[in-house]
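Breakdown of the fold
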Amino acid sequence: MPFCRITLTRLIASFSRINPHITFQVSTGNESVNLFDGGADIAFRATRDIPEHLSGRKVGSAFWAVYGLREQWEKKQVNAMTLTEHRWVSFHYAMSKLNAFLWIEKNIPEKNITFRGDSVLSVASAISSGIGIGLLPCMHGNQIDKLAQISPIVEGLGEDIWLLAHPDVRKSAKIREFMNHCSHYLAENRKRIFGQTC
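Here goes a summary of the coordinates provided. (Residues numbered from 1 in each chain as written. Predicted model: local features only at pLDDT ≥ 70, side-chain atom pairs only at ≥ 80, totals over all residues. Heavy atoms only, no water.)

Time to look at the pattern of salt bridges. Counted according to the given criterion, the structure contains 5 salt bridges. With its nearest N and O atoms 3.1 Å apart, the salt bridge here joins Glu110 to Arg116. When its relative accessible area of 46% is taken as the criterion, Glu110 is described as partly exposed. Sharing partners across several salt bridges, the network here consists of Glu105, Glu110 and Arg116. (Salt bridge = Lys/Arg side-chain N within 4 Å of Asp/Glu carboxyl O. Buried < 20%, exposed > 50% of the residue type's maximum accessible area, 1.4 Å probe, protein only.)

In C-alpha cells form, the structure reads like this:
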C-alpha cells in the first residue's frame, strides 16, 4: 500500500521550505521498490515485517475504516458489518494479499461489489464518484473532502508504517536530516494523518 500522496507532498513541502537546495524524485504506486539495489534512497512501507538488511523507524500505523460519499453519508457512522448489503468498491484480485481485500471477500456478497480498483487511489476515486462505499486507510480517506468516514476503525486491517533506508544510504547527512524531519512531522500531525493516535 503506497503512502498517501497528499501527505507525502505536504511533508516534502515542509522540508523544502527549510532546505530549498535539496531536490526530490518521487515514485508512488503499489509496486515494491528495492532499496538494496539502489531503486530508491528511502521508502515508506506499510508492513508487519521489515527486511533484515534495511534499517528504519516506525512512523505511524495505517488504520482502515469504511468511507462513503460525504453528501450521502455525512454524520452517519455505523459498524462496518451493518453495511454489508450496500454497494461496495473493492480491490482487484492482484491485491489479494491486502488485509482489506480479504475482509471484503469474507464479509461482502460478490453481487454487491460493483467496482474493483488496482490501487488505493483508484478505489478512493470510485468511492468519491459515488459508485459505492469501501475500505480505505484513514490517512487516505481523511484527506479527501468528498468522503466521510462512516464506520469506526475496522480491527485487524492495520499495518505499521515504516520509513526505511539501506544502512549505507543512512550515512548521508541529507538522508538522516530528511528522515528526522519525517519523524517529527508525522508525530506532530499524527491524529490528522493516521486517523487516531498510534
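Further notes follow.
Summed over all chains, the structure comprises 6 aromatic pairs. With centroids separated by 6.0 Å and ring planes inclined at 75 degrees, the aromatic side chains of Trp64 and Phe91 adopt a geometry described as edge-to-face. Of this pair, Trp64 sits in strand E3 (residues 64-69) while Phe91 sits in strand E4 (residues 88-91), and the two are 27 residues apart along the sequence. The burial state of Trp64 is the same as that of Phe91; both residues are buried. Ring geometry for Trp88 and Trp103: centres 5.9 Å apart, planes at 35 degrees, overall tilted. Within this pair, whereas Trp88 is found in strand E4, its partner Trp103 is found in helix H3 (residues 99-107), the two being separated by 15 residues in sequence. Looking at Trp88, the relative accessible area reads 0%, which means it is buried. On the basis of relative accessible area, Trp103 is assigned to the buried category, the value being 13%. These aromatic residues form a ring-pair network of at least three members: Phe15, Phe24 and Phe178. The side chain of Lys76 reaches across the aromatic face of Trp73, ending 5.7 Å from its centre. (Phe/Tyr/Trp six-rings, centres within 6.5 Å; stacked < 30°, edge-to-face > 60°. Helix = DSSP H or I, 4+ residues; strand = E, 2+ residues; numbered from the N terminus. Lys NZ or Arg CZ within 6 Å of the ring centre and 35° of its normal.)

For Ser128, the location among the structural elements is in helix H4 (residues 120-128). On a C-alpha basis, the gap between Ser128 and Lys146 in space is 6.0 Å, while along the polypeptide they are 18 residues apart.

For Ser128, a relative accessible area of 11% puts it in the buried group. Non-local contacts of Ser128, meaning those with residues more than four positions away in its chain, are made with Leu69, Ile144, Lys146 and Leu147. (Contact = heavy atoms within 4.5 Å.)

This brings us to the sheet that holds strand E7 (residues 147-149). On the basis of which strands lie adjacent, the open sheet formed by 3 strands has the order E6-E3-E7 and antiparallel pairing. A single partner strand is all that each edge strand has here, and the edge strands are strand E6 (134-137) and E7. Ignoring which end each strand starts from, the neighbouring axes of this sheet average 50 degrees apart. Contacts from H4 reach E3, E6 and E7 within the one sheet, and its direction differs from that of E6 by about 130 degrees. (Pairing = 2+ DSSP bridges. Axes fitted to C-alpha atoms, helices over the stretch in contact; angles between N-to-C directions.)

Its location among the elements puts Thr114 in strand E5 (residues 113-117). The partly exposed category is assigned to Thr114, whose relative accessible area is 33%. It is 7.1 Å that separates the C-alpha atoms of Thr114 and Gly132, two residues lying 18 residues apart in sequence. Apart from residues no more than four positions distant in its own chain, Thr114 is found in contact with Arg87, Trp88 and Ile131. A polar atom in the side chain of Thr114 sits 3.4 Å from the backbone oxygen of Ile131. (Polar contact = N/O pair within 3.5 Å; in protein donor to acceptor, adjacent residues only side chain to side chain.)

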